[in-house]
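# Architecture at a glance
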Amino acid sequence: MAASMNAHTVLIVENSQLQARIIRDHIESVTSFAVETASSLEEVRGIVESDRDSIFMAVLNLNLKDAPDGEAVDFVLSNNIPCIVLTSTFDEQIRNRFIEKNVLDYFRKGASEDMDEMVDLLRRIHNNSSIKVLVVDDNSTARKIMRKLLERQNFNVMEAKDGQEAFELVQDNPDIRLLLTDYEMPRMDGFELVSKVRELHSRDKLAIIGVSGHDSGAITAKFLKRGTNDFLKKPFEVEEFSWRVTNNLNELERIGGIKDVYSKDTLTGFHNLPYFLENGRPMYTGRAASGNAPTVAYFVLDGVWDINARFGWDAGSAALSKTAGLLEQRSMGWLLSARSENGFFVMAEDGESLRRDLESAQAAVAKSAVKIGDQRFEVTASFVMTGPPADNLDNAMSKLAERILKVQSGNKGAFALV
């Protein structure tokens, strides 16, 4: 089972106080992780027994004075804490020893480039607890092996014994980020599963790795043609499995980061209007079809042109940025939000909760002075919300845009239903 994102402590086990301090200082200087140190198995036992829930990773010297043969590693792993081993030397025999002990990776002591790679791994393992991975194989032993390897990397792992069960899980869990699937399975094989999943999720949203024990290159080619991102042949090396999983998820993250740049408003950090429309239209239509149309609101800063005229043309931008921050503080639970001109469109399931959020933001805007240079000024905001559901999102937004003009012309800092 994946450790919680709330677990935020790295346990360093090293009998050299100098080496332990170097590692601790490096981790603390480039991350927000807390660090605890121990120099013996006895100290490790005490820390784990008193503070297990806060530890998400251990970095250990394999040989300690009271644990010369890796007993500290065994103890940490027995408490389901992922493990990185530090070593002064490396050869094939040591590598095999690490793999047998199911450690995540191994790094050389004193190598600065290895230290940076180790910190990157710490970040990945910590973040993995929020990533859902689905393993699909009709062979329970194969599922167990892959699950164990994934849980070592702190992933949130789900299982399915055939393609049909897997497809239902994908439908019920749209936040699954990685799917590993065998080829030969009852009810629905791996090829059909990949094809059906690709109708729901593109390669840059959900990574799929095909897995098979067949020697035929045709299996690999067919998997890739159906839409997998990668392929693994059974039996696989533990290191190969781990790095293929990591590399595919890193690629999703890289693509997501690029898309995020183009979908975000640089001034406020909110999504832009094209993103809101692309994602909001199917969301609104789908929920409306099931009788649960979401509420849409338009929250607008009052008198931006007057603000620019009085205080300079960067004043309106400062006021919008301030307003965005106040909205962001109250955005928990919203389905979607985006900046549009001098305001923000918001979509949420619960209209009453959304109204309270926006009223709270509205009050905060009115109380918060905006500072630009040596000048300070106050602003107000108005908002409107949909009452009865519209035919589609575009109609809802058009009604809100039309109504907000009337509201602002009559009484700034107001609220109305449309």
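Before reading further, recall that the structure is shown in the block above.
For the structure given in this document, a descriptive report is provided here. (Residues numbered from 1 in each chain as written. Predicted model: local features only at pLDDT ≥ 70, side-chain atom pairs only at ≥ 80, totals over all residues. Heavy atoms only, no water.)

The next thing to look at is the side chain of T181. Considering the arrangement of structural elements, one finds T181 in strand β8 (residues 176-182). The class for T181 is buried, based on a relative accessible area of 0%. When near neighbours in sequence (up to four residues on either side) are disregarded, T181 contacts V136, G190, L193, V194, I208, I209, G210, V211 and F223. (Helix = DSSP H or I, 4+ residues; strand = E, 2+ residues; numbered from the N terminus. Buried < 20%, exposed > 50% of the residue type's maximum accessible area, 1.4 Å probe, protein only. Contact = heavy atoms within 4.5 Å.)

This part is about the pairing of strand β6 (residues 132-136). On a regular strand, each side chain points to the face opposite its neighbour's, so the side chains alternate between the two faces of the sheet. Counting buried positions along β6 yields five of five residues, so the element is predominantly enclosed. Here β6 shows two buried faces, one formed by K132, L134 and V136 and the other by V133 and V135. With five bridges joining them, β6 and strand β7 (residues 156-160) adopt parallel strand pairing. Bridging from a neighbouring strand, V136 pairs with A160 of β7. Handedness of the crossover is the feature at issue here: the chain leaves β6, passes through helix α6 (residues 140-152), returns alongside β7, and the resulting connection is right-handed. Bridge count for β6 against β8 is five bridges, and the pairing is parallel. What sits directly across from V136, in β8, is T181. (Pairing = 2+ DSSP bridges. Right-handed = clockwise from strand over helix to strand, strands pointing away.)

In terms of nonpolar packing, the biggest core is built from 29 residues, with F299, L327, L358, F377 and V379 touching the most fellow members. When residues of this core are traced back to their parent elements, those giving at least two are β11 (295-301), α12 (304-311), α13 (315-328), β13 (343-348), α14 (351-367), β14 (369-372) and β16 (381-385). The greatest single-element share of this core, amounting to six residues, is contributed by α13. Formed by 22 residues, the second largest nonpolar core is a distinct cluster that contains L134, V170, L179 and M188. (Core = buried A, V, L, I, M, F, W, Y, C linked by side-chain atoms within 4.5 Å.)

We now examine the side chain of R198. With respect to the helices and strands, R198 occurs in helix α8 (residues 190-200). D204 provides the closest opposite charge to the buried, salt-bridge-free R198, at an N-O distance of 7.3 Å. A polar contact of 2.9 Å, which involves the side chain of R198, links it to the backbone oxygen of H201. Once you skip the residues sitting within four places of it in the chain, R198 turns out to touch R203, L206, A207, I208, R226, G227 and N229. (Lys, Arg positive; Asp, Glu negative; His and termini not counted. Salt bridge = Lys/Arg side-chain N within 4 Å of Asp/Glu carboxyl O. Polar contact = N/O pair within 3.5 Å; in protein donor to acceptor, adjacent residues only side chain to side chain.)

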